[in-house]
Each structure stands twice: as C-alpha cells, then as structure tokens.
Amino acid sequence: MRLCFLRHGEADWPNWDKPDDERPLTKRGRKEMKRVAKFLERLKFTPDVILTSPLPRASQTAEIVADHLEIELKTEAALAHGFSVERLRRLVAKTKAECIVVVGHEPEFSEVVKELSGGETKLSKAGIARLEVNRGCSSGKLLWLFPPKFAKAAL
C-alpha cells in the first residue's frame, strides 16, 4: 500500500504564550501548504483518505490539502503525541484504503519512517515522505522525501 507522511506546516509564533498543542499555522505556513497541495496534484498523487492529528497546526495542514485534492479527511488522536508504528498499524487496520496520507509531527514521523524503511530521515515542516509498505506495516521502501522548497521550485 502507499503511505504518505506529511508534516504540518510552519506554526512558529515567537511570542506564543498558550500551550504548544494549540499553535495554529502561520500565514507563511498556510501559503506553503497550498503550494504543497498543488505539487501533490501535479504529481497526480491522489490518496483515498487523509488522516490527521487533532492538533491545530496539523488539522489545518490536512484541511488545506484535503480541500485542494478533494479527499476525505478524518481526525485521528493516534497521530498526536506518541505516534508509533504500532499506532500506524492500528490506523491501517481500520481502513480498506490503499493510499493514505497521515498528517502529524516530528520527531515521531521520522522515527516511524526509519523503522519501516531503514532510511534515516528528518522530515522538515511541510515536508513529504512517501513509502510503499506491506499491509501489516512491518516493512516498507522509502520512495520520496521532499522538503517544501521542492514544491515551490516545481511550480
């Protein structure tokens, strides 16, 4: 199956005084995510579903991409803090989808990609990693690793 990890866009607010879990995307983060969504469309990448962390910066990222690609969006608490391969297996087991985008956070995404593929990665904000994995999510192959600057250059 095809699995795409999409890290949330920029959500750095220098004077943020509320809980970290409440940080929304910045204006730059929203703009960047629109470019990433257009980039995915140009690649003719059409997932069956987008699963997102409930944290605002991730859910806003997922909404932008889902709206642009006209894809179903579901919020999954398992994609918040503590995401792991085991949580991924449970999410995959709940769906018949063959192509899934998961939207969430670092450092968990890079750790899961490494566990699945053996590839040492660091997923940048608004970065995309695409893998081919077996249905049990016990192994996979890293096919793409794009930083958001690649999406900007490709448009």
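The structure contained in this document is the topic of the report that follows. (Residues numbered from 1 in each chain as written. Predicted model: local features only at pLDDT ≥ 70, side-chain atom pairs only at ≥ 80, totals over all residues. Heavy atoms only, no water.)

On to helix H2 (residues 56-69), then. Taking 1.5 Å as the rise per residue, H2 with 14 residues should run 20 Å; its terminal C-alpha atoms sit 20 Å apart, in good agreement. Within H2, 10 of the 14 residues are buried, which leaves the element mostly enclosed by the surrounding structure. Buried within H2 are the following residues: Arg 57, Ala 58, Ser 59, Gln 60, Thr 61, Ala 62, Ile 64, Val 65, Ala 66 and Leu 69. At its buried positions, H2 is contacted by strand E1 (2-7), helix H1 (27-42), strand E2 (49-52), strand E3 (72-75) and strand E4 (99-104). Looking at the residues trailing H2, positive phi occurs at Glu 70, about 55 degrees. (Helix = DSSP H or I, 4+ residues; strand = E, 2+ residues; numbered from the N terminus. Expected span 1.5 Å × (residues − 1). Buried < 20%, exposed > 50% of the residue type's maximum accessible area, 1.4 Å probe, protein only. Contact = heavy atoms within 4.5 Å.)

Where like charges cluster on the molecular surface, the negative patch consists of Glu 41, Glu 63, Asp 67 and Glu 70. The class of Glu 41 is partly exposed, set by a relative accessible area of 44%. (Patch = residues over 30% accessible without salt bridge, like charges linked within 9 Å, V, L, I, M, F, W, Y side chains within 5 Å. Areas by Shrake-Rupley, 256 points an atom, 1.4 Å probe, with all protein chains shown as cover. Salt bridge = Lys/Arg side-chain N within 4 Å of Asp/Glu carboxyl O. Lys, Arg positive; Asp, Glu negative; His and termini not counted. Charge placed at Lys NZ, Arg CZ, Asp CG, Glu CD.)

This brings us to the pairing of E3. Pairing of E2 with E3 involves 4 bridges; the strand directions are parallel. Bridged to Leu 51 within E3 is Lys 74. Read as a crossover between parallel neighbours, the route from E2 over H2 to E3 is right-handed. (Pairing = 2+ DSSP bridges. Right-handed = clockwise from strand over helix to strand, strands pointing away.)

Enumeration according to the criterion identifies 6 aromatic pairs in this entry. On the basis of an interplanar angle of 80 degrees and a centroid distance of 5.1 Å, the ring pair of Phe 5 and Phe 109 is categorised as edge-to-face. In this pair, Phe 5 sits in strand E1 while Phe 109 sits in helix H4 (residues 108-117), placing the two residues 104 residues apart along the sequence. Given a relative accessible area of 0%, Phe 5 falls into the buried group. Considering the side-chain rings of Phe 39 and Phe 146, the 5.3 Å spacing of their centres and the 80 degrees angle between planes classify their relative orientation as edge-to-face. (Phe/Tyr/Trp six-rings, centres within 6.5 Å; stacked < 30°, edge-to-face > 60°.)

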